[in-house]
Amino acid sequence: MEKDEYLELFHQMILIRLLEENASILYQQGKIGGFLHLYIGQEAVSTGIISARKPEDRVITAYRDHGVAINCGIPVKVVLAELLGKVDGCSEGRGGSMHMANVQKNFWGGHAIVGAHLPIAAGLALGDRYKNNDAVTICMFGEGATNIGYFHEALNLSKVWGLSVLWICENNRYGMGTSVERASAVSEIRQKAEGYLIPNQCTEGMDVLKVHQAAQEAIETVRKNKSPYFLEVETYRFRGHSMGDPERYRTSDEVKRWQHDRDPLGIYHKYLVDHGIASAEELDGIEKTAEKEVQEGVQFAESSPEPKKEDLFKNLYTEMS
Amino acid sequence: MARITMREAISQALWEEMERDPNVFIMGEEVGVWGGSYAVTKGFYDHFGAERVRDTPISEATIVGAAVGAALTGLRPVAELMTINFAFSAFDHIVNQAAKLHYMFAGQMEVPLVIRTVSGGGRQLAATHSQTPDVIFAHFPGLKVVAPGTPEDAKGLLKSAIRTNDPIFFIESATLYQSRGEVPDGDYLIPIGKSKIQRTGKDITLVTYSKMLETSMKAADQLAQEGIEAEIIDLRTLRPLDMEPVLESFKKTNRAVIVEEGWRSFGVGAEVSARIYEQAFDYVDAPIQRVAQKEVPLPYSRDLEQSALPQVEDVIRAVKEVL
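Residues numbered from 1 in each chain as written. Chains lettered and ligands numbered in written order. Predicted model: local features only at pLDDT ≥ 70, side-chain atom pairs only at ≥ 80, totals over all residues.

So, on to the overall build of chain A. Helices and strands together make up the secondary structure of chain A, namely twelve helices and eight strands. Computed over the C-alpha atoms, the radius of gyration of chain A is 19 Å, within 12% of the 20 Å expected from 2.2 N^0.38 for a compact globule of 321 residues. On the principal axes, the C-alpha backbone points of chain A span a range of 60 × 50 × 45 Å. The long-range fraction of contacts in chain A, counting pairs at least 24 apart against all pairs at least 6 apart in sequence, stands at 75%. (Helix = DSSP H or I, 4+ residues; strand = E, 2+ residues; numbered from the N terminus. Rg over C-alpha atoms; globule rule 2.2 N^0.38 Å. Contact = placed C-beta atoms within 7 Å.)

Structure below.
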């Protein structure tokens, strides 16, 4: 990797972190409605994976999607406008936090019904298979989604039909408040892929370079074999499941330990400085730029117009027959 | 004009659309090697090949979910659910994915998908395999629900459905596949969302669709012998619902009976009669009657099952009550 690529990974991660911290404040101010699921702690996962894709590779994820949106190239201000339900949001204020997308950038959405986007991912890959495209569909989901039927149907179909899907399980250890051990017969999630003879691997998820490398190998394996691959990424969310989470299922010591020892931003910052790739001052500069980007994004989102009431039915159908 | 069965009409529509557009393909349980569990796709696998006539595992959610995904990439899948009773296993992907994506992502995603399925009772398949829950699917904005009652309409509507960029839930009737009718020669389309007058009359308006069109036509024949002329409006599409011909007819006859195969509560009869009362109240000369399935799970026993399903005599009785 070139230096600017290393720095871009840092930029994206800090951008997500700052975006999310600001979103948290906007939520408390009542400016963001509905549910808000923060990605803080998991930044290395989407950043490492999406930086390894080619532009023709499709990305689809679940509802914890702000990070993926940033990594796929949706401007921060457009993400913020969507969070505020404004017309300049990527879904014009129709989707909100859980439903970001930008099809031009091959980001096929945040999807909010747990596991329901896995069959859709299989279908995206079917589209590429049908047209003999080389593209890979990268489908991200939490470990909680591996207990729903859709997961098993979709993995099975991807293997039987030879679909180029990279299944990525972000194992953050809790499906809402239920720990993996309490919800899943196997705690090593990648073992579930074994049942469908899908090659698999588990990787450390707090080190963006490790994620990036594992993703790169996995993506190219899928592309070469025209067959699915399963990558489990071990991660941890530092915030609650959503904003209204009393967090009775884990101790604050546990959270603090992760934040102290395994913060993906801290780990990567140290790596860049220790390896002489960037100075602390340079990284501060990137952080300041990101801060400015987010602040300007908040202003943009706040001043963006509300969707018009007369557009309530816009896009209900492509054609009103 | 050729006189063909409903099965042949649907089969022809699929065949012609697949010949016309290489992006059209079929996926579902037993659609390929088997030739379709109702033999609709017999011969397709040999002609179009395994890539375009895709046998799926028994995974209804993923049949629809993957078809949605393929549709997002610009293909035009026709996903088959062997019966509407299995659509419950795919419910989320029908009503929560297919019906929502275009709206929720501000028009970025289009879902040019047809889900074909088979509804209705009367074949002694007992409670879980005999339902007519068509209205449930018609409840959801974002979906279009089509349910033809004649071979001509089935062919023309299915061809339109395949060419539409919106998700279509296309309901066929299990007991209509053998019914025959005249079908125009060559390529023709019938617009989705248009009701049709299937028989003209001045005394009473019968509003119906799908299998119950046949039942209503038989009732109208018998009523005609008694000098009662029924006008029959075939809804053909449940969503969007075209009330124009219904209201026009009602303003002439001032009396209506609505005939559906499914259960009465919250059904097509409830919806259509409410709209008549809302939009043509001044023309009402008698309470609108509903003929529908008795509200029990359908039993296996032939006699019991038939006693629960709406019959020609039920329609005649309802008409006479209204007149």
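All names here are of chain A. Overall, parallel pairing links the six strands, which are arranged β2-β1-β3-β4-β8-β7 in an open sheet. Looking at which strands have only one partner, the edges of the open sheet turn out to be β2 (107–110) and β7 (200–204). Across the sheet, the axes of successive neighbouring strands diverge by a mean angle of 15°, strand direction being ignored. Relative to β2, strand β1 (residues 58–61) runs parallel, the two sharing two bridges. (Pairing = 2+ DSSP bridges. Axes fitted to C-alpha atoms, helices over the stretch in contact; angles between N-to-C directions.)

What follows deals with the sheet that holds strand β3 (residues 53–55) of chain B. All names here are of chain B. In space, the seven strands of this open sheet follow the order β3-β2-β4-β5-β7-β6-β12, with mixed pairing throughout. With partners counted over all chains shown, the strands left at the sheet margins are β3 and β12 (237–239), one partner each. Across this sheet, the average inter-strand angle for adjacent strands is 20°, counted without regard to direction. Alignment of strand β6 (residues 144–146) against β12, held across two bridges, turns out to be antiparallel. For valine 146, the partnering residue across the bridge sits in β12 and is threonine 237.

Residue and element names in this part refer to chain B. One can find proline 184 in the loop between β8 (180–183) and β9 (196–199). Judged by the 12 C-beta atoms lying within 10 Å of it, proline 184 is exposed. Non-local contacts of proline 184, meaning those with residues more than four positions away in its chain, are made with Met1 and Glu152. (Buried ≥ 20, exposed ≤ 12 C-beta atoms within 10 Å, placed from the backbone.)

The subject of this paragraph is the nonpolar core. Val79, Cys139 and Leu166 of chain A are the most contacted members of the largest nonpolar core, which has 194 residues in total. The contacts of valine 79 of chain A, once residues within four sequence positions are left out, are Leu19, His66, Ala69, Ile70, Ile74, Cys90 and Met100 of chain A. (Core = buried A, V, L, I, M, F, W, Y, C linked by C-beta atoms within 7 Å.)

Omega for the bond connecting arginine 239 of chain B with proline 240 of chain B falls within 30 degrees of zero, at -5°, which places this linkage in the cis form. Phi is positive for glutamate 92 of chain A, which is not a glycine, with a value near 50°. One can find glutamate 92 of chain A in the loop between α4 (76–83) and β2. Residues other than glycine seldom take positive phi values, yet methionine 176 of chain A does so here, at roughly 50°.

This paragraph deals with the packing of helix α5 (residues 117–130) of chain A against helix α3 (residues 60–72) of chain B. Put simply, α5 of chain A and α3 of chain B touch, their axes get as near as 6 Å, and they point 45° apart. Comparing their axes, α3 of chain B and α5 of chain A come out oblique. Pair α5 of chain A / α3 of chain B crosses with right-handed handedness. Residues Pro119, Ile120, Ala121, Ala122, Gly123, Leu124, Leu126 and Gly127 of chain A of α5 of chain A pack against Ala61, Thr62, Gly65, Ala66, Ala67, Val68, Gly69, Ala70 and Leu72 of chain B of α3 of chain B. For the contact of α5 of chain A with α3 of chain B, the residue count by class is twelve nonpolar, five polar and no charged. (Parallel < 35°, antiparallel > 145°, perpendicular 65-115°, else oblique. Left-handed = near helix turned anticlockwise from the far one by under 90°. Nonpolar A, V, L, I, M, F, W, Y, C, P; charged D, E, K, R; others polar.)

Where interface size is given, it is often the accessible area lost as the parts come together that is meant. Residues and elements named next belong to chain B. Looking at the assigned domains, one finds that chain B contains domain 1 (2–183) and domain 2 (196–322). The centre of domain 1, based on its C-alpha atoms, is set 26 Å off from the matching centre of domain 2. Counting from both sides, the interface comprises 26 residues of domain 1 and, opposite them, 24 residues of domain 2. Put simply, the parts of the chain that give the side of domain 1 that touches domain 2 at least two residues each are α6 (134–138), β6, α7 (151–163) and β7 (168–173). Considering only residue class, the side of domain 1 that touches domain 2 consists of 13 nonpolar, ten polar and three charged. (Domains from an automatic or database assignment.)

Residues and elements named next belong to chain A. Relative orientation of the contacting elements helix α2 (residues 43–50) and helix α9 (residues 208–225) amounts to 40°, with a least axis distance of 7 Å. The angle between the axes of α2 and α9 places the two elements in the oblique class. Relative to α9, α2 is oriented so that their crossing is right-handed. Facing α2, whose interface residues are Ala44, Val45, Thr47, Gly48 and Ile49, α9 presents Val208, Val211, His212 and Ala215. Class assignment of the residues belonging to the contact of α2 with α9 gives a composition of six nonpolar, three polar and no charged.

Attention now goes to the pairing of β7 of chain A. Bridging between β7 of chain A and strand β8 (residues 229–234) of chain A involves five bridges; their strand directions are parallel. Considered in β8 of chain A, the bridge of glutamine 201 of chain A is made with leucine 231 of chain A.

Between chain B and chain A, the residue contacts involve 36 residues of the former and 34 residues of the latter. Within the residue set of the side of chain B that touches chain A, elements represented by two or more residues are α3, α4 (91–98) and α5 (101–104) of chain B. Here the element with the most residues in the side of chain B that touches chain A is α3 of chain B; it accounts for nine residues.

A separate point is the environment of valine 78 of chain B. Residue and element names in this part refer to chain B. Positionally, valine 78 belongs in strand β4 (residues 76–81). Residue valine 78 is classed as buried on the basis of its C-beta count, with 26 C-beta atoms lying within 10 Å. A C-alpha to C-alpha distance of 4.8 Å links valine 78 and isoleucine 26, two positions 52 residues apart in sequence. Beyond its immediate stretch of four places on either side in the chain, valine 78 contacts Leu14, Val24, Ile26, Val114, Arg116 and Ile162.

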